[in-house]
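Chains, contacts and geometry: an overview
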Amino acid sequence: KHCSKAVATAFEKAGVKAPKHVRELRTSAAQVAAYEIGQAMKVEEIFTEWQLVDVQSRSRGKGFAGVMKRHKFSGLDATHGTHEWRRHGGSIGTNMTPGRTKPGQKMEGQMGNKIVSVLSQKVARILADKQLLLIAGSVPGAPNAIVRVQGAVKKRGGKKQQG
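Definitions and cut-offs
Every chain's residues receive numbers from 1 upward, in the order its sequence appears when written. It should be noted that, the model being predicted, local features are given only for residues of pLDDT at least 70 and side-chain atom pairs only at 80 or more, the latter also being counted only at that level, while totals for whole chains, interfaces and linings use all residues. Derived side-chain values reflect all non-hydrogen atoms in the structure, with water molecules and hydrogen atoms excluded from consideration. A pair of strands is labelled paired if DSSP reports no fewer than 2 bridges between them. The way it works is that DSSP assigns letters per residue, a run of H or I at least four long becomes a helix, a run of E at least two long becomes a strand, and they are numbered from the N terminus. Only C-alpha atoms enter the line fits that serve as axes; for helices the fit covers just the stretch in contact. Angles between N-to-C directions range over 0 to 180 degrees. Per residue, pLDDT captures the predictor's confidence, and it can take any value from 0 to 100.

Next up on the list: the sheet that holds strand β5 (residues 132-136). Sheet architecture is open: 4 strands sit in the order β5-β4-β1-β6, paired in antiparallel fashion. The open sheet is flanked by β5 and β6 (148-151), the only strands paired with a single partner. For this sheet the average axis-to-axis angle between neighbouring strands, irrespective of direction, equals 50°. Pairing of strand β1 (residues 52-58) with β6, which is carried by 4 bridges, proceeds in the antiparallel orientation. Residue pairing for β6: Asp54 is matched across the bridge by Gln150.

Structure below.
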């Protein structure tokens, strides 16, 4: 989110230039008391190596997509009277009962451009001199996108597999 007028006013009162993007994160009162408005937070103070984190960002937008691209449909035959319906989804509902399209039916539409969370990723390394966080695994979003990183809410490997 871009910095709102009220937030920009709070930064001005503190005598600090308002940043371009501001995000509000939940934390304890003791942690908040350790910082002043506009003070930079160091990556090494927040995260440790091999800590589990949740990564969240807006996925790449792919525009309006058909069912073959969006839901990996195989399409119809190229012959046997298919005519111009080779990349269509086929039937979308039932006959008389219940006589409607069921909720959640896979159809064409907007693909991507949604908030995506990848849970329980490991922090591989922390480069303190460059203030970088290297994460082992996938990170959603386009290059130069704003990414939210927080401590993992769910720990990996909840149930033991029987075998």
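This part takes up unusual backbone geometry. Between Thr97 and Pro98 the backbone carries a cis peptide bond, its omega angle lying at 0°. Even without being a glycine, Gln131 presents a positive backbone phi close to 55°. Within the secondary structure layout, Gln131 lies in the loop between β4 (115-127) and β5. Its identity as a non-glycine residue notwithstanding, Asn144 has a phi of 65°, on the positive side. Tracing the backbone shows Asn144 in the loop between β5 and β6.

Per-residue confidence for the chain averages 87 on the pLDDT scale, and 94% of its residues sit at or above 70. The secondary-structure element of the chain with the lowest mean pLDDT is helix α1 (residues 5-13), recorded at 83, while strand β2 (residues 63-65) shows the highest, at 96.

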